[in-house]
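Structural overview for review
Read off the chains here:
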Amino acid sequence: MPDPLADPDALAPLLACGWSHDGKRGSISKTFTFRNFIEAFGFMTHAALWAEKWDHHPEWRNVYKVVEVTLTTHDAGGLTERDLRLARKMDSLVA
Ligand code: HBI
C-alpha cells in the first residue's frame, strides 16, 4: 500500500537530515544520540509535549543516551504530513 503522503517531495529534506524511509511499512526513522541520559530524556520530554499537542505520537526506544524514533500514521496505514511535521519538530529540538 503506497504512502498516503500528499507530497512525496516533502520527504527529501528529512532524508537529507538523517531520517530513513521504510516504504514497505510507510514510516520514517532516525536515531538521535546525546551527551548523556538526561539530555536524551529531556529531548523525549520536549518532543512528547509536541506529540501530545498535535495528537500524533512517536514509536520510540531510549537506551542510555540514544533515542531511536519511528514515525508513522496508524490511522492512514502509512506516512502522512503529520509524521513529517513531527520529524521536523524533533530535528528543530536538537538543532
Ligand atoms: N499517533 N503516530 C500516531 N499515529 C496515529 O495514527 C495516531 C497517533 N496518535 C493518536 C491517534 N492516532 C488517535 O488520534 C487515533 O488513534 C484516534
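Residues numbered from 1 in each chain as written. Predicted model: local features only at pLDDT ≥ 70, side-chain atom pairs only at ≥ 80, totals over all residues. Heavy atoms only, no water.

Turning our eyes to something else, we now look at helix 2 (residues 37–53). The first and last C-alpha atoms of helix 2 sit 24 Å apart over 17 residues, in line with the 24 Å expected at 1.5 Å per residue. Taken together, the buried positions of helix 2 are Ala-40, Phe-43, Met-44, Ala-47 and Ala-51. Down the axis of helix 2, the smallest arc covering the buried residues is 100 degrees, so these residues share one side. Structural note: helix 2 exposes Ile-38, Leu-49, Glu-52 and Lys-53 on the side pointing more than 90 degrees away from its buried face. On its buried face, helix 2 is in contact with strand 2 (27–33), strand 3 (59–63), strand 4 (66–71) and helix 3 (81–94). The N-terminus of helix 2 is capped by Asn-36, whose side-chain oxygen sits 3.1 Å from the backbone nitrogen of Ile-38. (Helix = DSSP H or I, 4+ residues; strand = E, 2+ residues; numbered from the N terminus. Expected span 1.5 Å × (residues − 1). Buried < 20%, exposed > 50% of the residue type's maximum accessible area, 1.4 Å probe, protein only. Arc of directions from axis to C-beta. Contact = heavy atoms within 4.5 Å. Polar contact = N/O pair within 3.5 Å; in protein donor to acceptor, adjacent residues only side chain to side chain.)

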